[in-house]
Amino acid sequence: MSDAKPYDIPKQLVWKAYQRVKANRGAAGVDGESLAMFETDLKNNLYKIWNRMSSGTYFPPPVRLVEIPKDNGGIRPLGIPTVADRVAQTVVKMVLEPRVDPLFHPDSYGYRPGKSAHDAVGMARQRCFVNDWVIDLDIKGFFDAIPHELVERAVARHMDLPWVRLYVARWLRAPLQRPDGTVEPRTKGTPQGGVISPLLANLFLHYAFDVWMQRQYPSIPFERYADDVLVHCRSERQAGFVLAAIRSRFTQCGLELHPTKTRIVYCKDGRRPGESEHTTFDFLGYTFRPRGARTRAGKLFVGFLPAISTRAATAIRQTIHDWRLASKTHLQLGDLARLTNVTVRGWVNYYGRFSRSECLHVLRHLNRALVQWARRKYKRLHRSKRASAYWLGRIAHRDPLLFVLWQLGETPAAGG
């Protein structure tokens, strides 16, 4: 290692980082350079990243601000780094993550190898069966509010490589570039959309919340998926006491709980008498509420159970509507299957993990869209919705693998 290259960063690490970025794809940053454009001079571009990172002269460009509408009418700001910056961030992530992830709490599920949102939802379901009350935490503007100093202190605690600490500090302070070209400095927060941001957010909340909860309330379980947090309590009184303590703790750490979205929820089911103001909450695309269900022996009961959330169901129906299948009369059924199957399979795999029947009920909207397509495409079916559904039902019986929805037994004749 020479004076010009004070940091020993293997070239092979940069190559592996690029391969991960390529697999994840993603949009262009402020320079407008797509992954395909980056690859036209791949060897030279990767060398520049390695050379600048190794010499300490790598400075991240601004991140491109993209504002995504949220289901509740708000805006989620995303910061999109350039392709080269995503490679550089991945280099640091590949070094930092193996150091810190083994230390994380077992009930921290977000953006972690070997953990998933389904794991978190499943654990929440089990604990809602045991505990009567849930604190549904909503951290106001979490990714935009994280104090840089506390993140850097947490990184320094576990990382002895100075170049990792150097570049984490620079990414935390990389400015935002708005769509009109104006550039804004940042004094706190880490942009959603950055490769390194989820890991830094997890590390911050590991100390701000997980370790603190384990120390202060070791008998009170929780699930945390990034900044989505549930805390389970035995009584409403206990929930109120713990919530006040959490609010104070977050204030110390530069965070604020949303005053109306943070709620104490009663896990109302057939075994639990009484009522409460809140008996439902959303978690990771699922709504937990009292639901009728059956035991394995077929006996009916009311449980406090998760199923696809109203917001997710509305978004799915809107997506199917936006496909405008009925207007695509120039296409054949096989074309429509190829157009929709990947997305529908993703919906089923995610929202069908718990209370699958409710997910399939939402997806019947696709069958109705197919019926409308058939009525427009074929004159003999134009006047009768029932005839169109019957015609599609016969095709589904003959070729049940054509649509993902049909593979699951949801055919137009049965549910259209």
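Our subject is the structure listed above.
Computed from a predicted structure; not experimentally measured. (Residues numbered from 1 in each chain as written. Predicted model: local features only at pLDDT ≥ 70, side-chain atom pairs only at ≥ 80, totals over all residues. Heavy atoms only, no water.)

A. Geometry of the pairing of strand E7 (residues 228–233). Within E7, 5 of the 6 residues are buried, leaving the element largely enclosed by the surrounding structure. Pairing of strand E3 (residues 133–138) with E7, which is carried by 6 bridges, proceeds in the antiparallel orientation. Considered in E7, the bridge of Leu137 is made with Val229. Note: strand E6 (residues 222–225) against E7, 4 bridges, orientation antiparallel. Considered in E7, the bridge of Phe222 is made with Val231. Taking the residues between adjacent antiparallel strands as the criterion, E6 and E7 are bridged by 2 residues, where Ala226 takes a positive phi near 55°. (Buried < 20%, exposed > 50% of the residue type's maximum accessible area, 1.4 Å probe, protein only. Helix = DSSP H or I, 4+ residues; strand = E, 2+ residues; numbered from the N terminus. Pairing = 2+ DSSP bridges.)

B. Looking closely at helix H1 (residues 11–24). When the terminal C-alpha atoms of H1 are compared, their 20 Å separation across 14 residues agrees well with the 20 Å that a helix rising 1.5 Å per residue should span. When H1 is considered as a whole, its buried residues turn out to be Leu13, Val14, Ala17, Tyr18 and Val21. Considered in projection along H1, the buried side chains sweep an arc of 140° and stay on one side of the axis. At its buried positions, H1 is contacted by helix H2 (35–39), helix H3 (42–55), helix H4 (83–100) and helix H8 (162–172). Phi turns positive, to about 55°, at Arg25, one or two residues after H1. (Expected span 1.5 Å × (residues − 1). Arc of directions from axis to C-beta. Contact = heavy atoms within 4.5 Å.)

C. Broad picture of the pairing of strand E1 (residues 63–69). The pairing of E1 with strand E4 (residues 176–177) spans 2 bridges and is parallel. Paired with Arg64 across the strands is Gln177, a residue of E4. In this sheet, strand E2 (residues 75–80) lies alongside E1 in antiparallel orientation, the contact comprising 6 bridges. For Val66, the partnering residue across the bridge sits in E2 and is Leu78.

D. Expanded view of the sheet that holds strand E11 (residues 300–308). Taken in spatial order, the 3 strands line up as E9-E10-E11 in an open sheet, and their pairing is antiparallel. Because the sheet does not close on itself, it has two edges, and the strands there are strand E9 (281–283) and E11. The sheet shows a mean angle of 55° between the axes of neighbouring strands, taken without regard to direction. Examined bridge by bridge, strand E10 (residues 286–294) and E11 share 9 bridges and lie antiparallel to one another. Among the inter-strand pairings, Gly292 is bridged to a residue of E11, identified as Val302. (Axes fitted to C-alpha atoms, helices over the stretch in contact; angles between N-to-C directions.)

E. Highlighting the sheet that holds E6. Pairing in this open sheet of 4 strands is antiparallel, and the strands run E6-E7-E3-E8 from one edge to the other. The open sheet is flanked by E6 and strand E8 (263–266), the only strands paired with a single partner. Adjacent strand axes in the sheet meet at a mean angle of 20° when their direction is disregarded. The sheet contacts of helix H9 (residues 197–216) involve E3, E6 and E7, and relative to E6 the element is tilted by about 175°. Helix-sheet contacts for helix H10 (residues 236–252) involve E3, E7 and E8, and the interaxial angle to E3 is about 25°.

F. Representation of the environment of His397 in the model. If you trace the backbone, His397 turns up in helix H14 (residues 385–398). Residue classification places His397 among the exposed positions, given a relative accessible area of 72%. Between the C-alpha atoms of His397 and Ala413, which are 16 residues apart in sequence, the distance is 9.6 Å.

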